[in-house]
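Structural description and commentary
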Amino acid sequence: MNVVLLTALGVGGATVIGAAIGFAFKKLSHAFSDIVLAFAAGVMLAAAVLGLILPSLEYGGRFSLLITIVGVFVGAICINLVDKLVPHLHKLAGIDNETHANGSLGKVLLFVSAIAIHNLPEGIAAGVGFGSGDTSQALLIAGGIALQNIPEGMVIIAPMLSAGIRPRRTFAIAALTGLVEVVGTFIGYFAVSLASAILPFALAFAGGTMLYVISDEMIPETHAHGSQRGATYALLVGFCLMMAMDILLG
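Let me sum up the structure you'll find in this document. These figures come from a predicted structure and were not determined experimentally.

What follows deals with the overall build of the protein chain. When helices and strands are tallied, the protein chain shows 10 helices and 0 strands. Reading the helices (α) and strands (β) of the protein chain from amino to carboxyl end gives α-α-α-α-α-α-α-α-α-α. Across the 250 residues that make up the protein chain, the buried fraction comes to 48%. Here the contacts in the protein chain between residues at least 6 apart in sequence split such that 84% fall between residues at least 24 apart.

Time to look at the side chain of E181. Note that E181 resides in helix α8 (residues 167-194). Once you skip the residues sitting within four places of it in the chain, E181 turns out to touch V11, G12, N119, E122, G123, I145 and N149.

Close contact between helix α2 (residues 30-59) and helix α3 (residues 64-85) brings their axes to 7 Å; oriented N to C, the two are set at 145°. Of the two possible hands of crossing, α2 and α3 adopt the one that is right-handed. Residues I53, S56 and L57 of α2 pack against S64, L65, T68 and V72 of α3. Broken down by class, the residue content of the contact of α2 with α3 amounts to 4 nonpolar, 3 polar and no charged.

Let's shift gears to a nonpolar patch on the surface. Together, L54, L57, L65, I69, F73, I77 and L81 make up an exposed nonpolar region whose accessible area comes to about 660 Å². Secondary-structure elements contributing two or more residues to the nonpolar patch are α2 and α3. Take the nonpolar patch: its biggest share by element is 5 residues, from α3. With respect to the helices and strands, L54 occurs in helix α2.

Applying the stated rule across the entire model yields 3 aromatic pairs. Between the aromatic rings of F186 and F190, the centroid separation amounts to 6.2 Å while the plane-to-plane angle is 20°, which identifies the pairing as stacked. Taken as a pair, F186 and F190 lie in helix α8 at a separation of 4 residues, close to a single helical turn. Judged by relative accessible area, which is 18%, F186 ranks as buried. Residues Y189 and F190 carry aromatic rings whose centres are separated by 5.3 Å and whose planes lie at 65° to one another, so their mutual orientation is edge-to-face. One aromatic cluster is present, formed by F186, Y189 and F190 through successive ring pairs.

We now examine the side chain of T170. Of note, T170 is situated in helix α8. T170 sits in the buried class, given a relative accessible area of 0%.

On to α3, then. Owing to its 3.6 residues per turn, the α-helix aligns residues three or four sequence positions apart on the same side. For α3, spanning 22 residues, the distance from its first C-alpha to its last is 32 Å, which sits close to the expected 32 Å at 1.5 Å a residue. Those residues of α3 that fall on the buried side of the exposure criterion are S64, T68, G71, V72, G75, A76, I79 and D83. Looking straight down α3, one finds that the buried residues subtend no more than 120° of arc, so they occupy a single side. Among the exposed residues of α3, those pointing more than 90 degrees away from its buried face are L66, F73, L81, K84 and L85.

With respect to the element layout, I187 can be found in helix α8. On the basis of relative accessible area, I187 is assigned to the partly exposed category, the value being 43%. In the structure, I187 is positioned 63 residues away from I124 in sequence and 6.1 Å away in space, judged by C-alpha atoms.

Let us now look at the packing of α3 against helix α9 (residues 199-222). Viewed as axis vectors pointing N to C, α3 and α9 meet at an angle of 50°, and their least axial separation amounts to 6 Å. When the axis of α3 is compared with that of α9, the two are oblique. In this structure, α3 meets α9 at a crossing whose hand is right-handed. Along the contact surface, α3 presents I67, T68, V70, G71, V72, V74, G75, A76, C78, I79, N80 and D83, while α9 presents P200, F201, A204, F205, G208, T209, L211, Y212, V213, D216 and E217. Residues belonging to the contact of α3 with α9 are distributed by class as follows: 14 nonpolar, 6 polar and 3 charged.

Cut-offs used in this document
Per-chain numbering applies: the sequence of each chain, read as written, is numbered from 1 onward. Two thresholds apply to this predicted model, a pLDDT of at least 70 for residue-level local features and 80 or more for giving and counting side-chain atom pairs, whereas whole-chain, interface and lining totals are computed over all residues. By convention in this description, side-chain values take in all heavy atoms of the structure and omit both hydrogens and water. Only runs of H or I of at least four residues qualify as helices and only runs of E of at least two qualify as strands under DSSP, and these elements are numbered from the N terminus. Whether a residue is buried, partly exposed or exposed follows from its accessible area with a 1.4 Å probe, protein chains only, as a fraction of its type maximum: under 20%, in between, or over 50%, in that order. Residues are treated as being in contact if the distance between any of their heavy atoms lies within 4.5 Å. An axis is simply a line fitted to the C-alpha atoms; with a helix, the fit covers only the stretch in contact. Between two such axes, the angle follows the N-to-C directions and lies from 0 to 180 degrees. In this scheme the crossing of two helices becomes right-handed for a clockwise turn of the near helix relative to the far one and left-handed for an anticlockwise turn of less than a right angle. The residue classification treats Ala, Val, Leu, Ile, Met, Phe, Trp, Tyr, Cys and Pro as nonpolar and Asp, Glu, Lys and Arg as charged. All others, Gly included, are polar. Patches draw on residues past 30% relative accessible area with no salt bridge. Two like charges within 9 Å are joined, as are two nonpolar side chains (Val, Leu, Ile, Met, Phe, Trp, Tyr) within 5 Å. For the area figures, the Shrake-Rupley method with a 1.4 Å probe applies, and any residue is considered shielded solely by the protein chains shown. Salt bridges are defined as contacts in which a side-chain nitrogen from Lys or Arg sits within 4 Å of a carboxyl oxygen from Asp or Glu. The criterion for an aromatic pair is that two Phe, Tyr or Trp rings (for Trp, the six-membered ring) have centres within 6.5 Å, with stacked assigned to planes under 30 degrees apart, edge-to-face to planes over 60 apart and tilted to the rest. A helix's residues, less one, multiplied by 1.5 Å, set its expected span. This arc describes the spread of directions from the helix axis toward the C-beta atoms. Small angles under 35 degrees read as roughly parallel and large ones over 145 as roughly antiparallel, with 65 to 115 read as roughly perpendicular and the rest as oblique.

Distances and angles like these do not, on their own, reveal function.
Rendered as structure tokens:
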């Protein structure tokens, strides 16, 4: 339980680390942020496949393939429904431009709220990993999500400051988006611990949410500013690094 608590704080705290970097380097280039985000996408992709979807197939029993496929699609559909209500990373460029032009506080707060809402299923994915009982795999999954949270924390600082939000409040709001992920981690962990029968579906569901976020948000964002070649290689490096760690620690 202590490991779960520390990991939950680490996953949520990664957003705070990203926010601190965002304060220190307010003029980070799109190329740099795209490379970092693409590397995180590669790590998350490996975590989703190796740490969630493949274990779902192993634990699913006779109907493992069906359970895993259904779980992946249900997870993706749930995130898609959330996307219908709120924008996320692929909306960042438009919000950022409008903010500098007219100080649209409402749009910025909507964007930050969207990040907080999307952080909940990511936290659940980290918690579900621990529910499987494989601590090393769970830590790899949580590490991949934490890496993704760092650039996410970085990109939300500048729009809030440009909209006139005071620095202390900006940092506090960024920290709250990370706190949502801590809550999600415990939800996922306790849900699977209390009902182990749902573990195969829960693993596939978490994997589906991560695949959707990678394909629909992270990759388009990293390819939107002319750095797609570097972003592609960064994704491959992240994926291979995660794969190597999975083998070495397995």
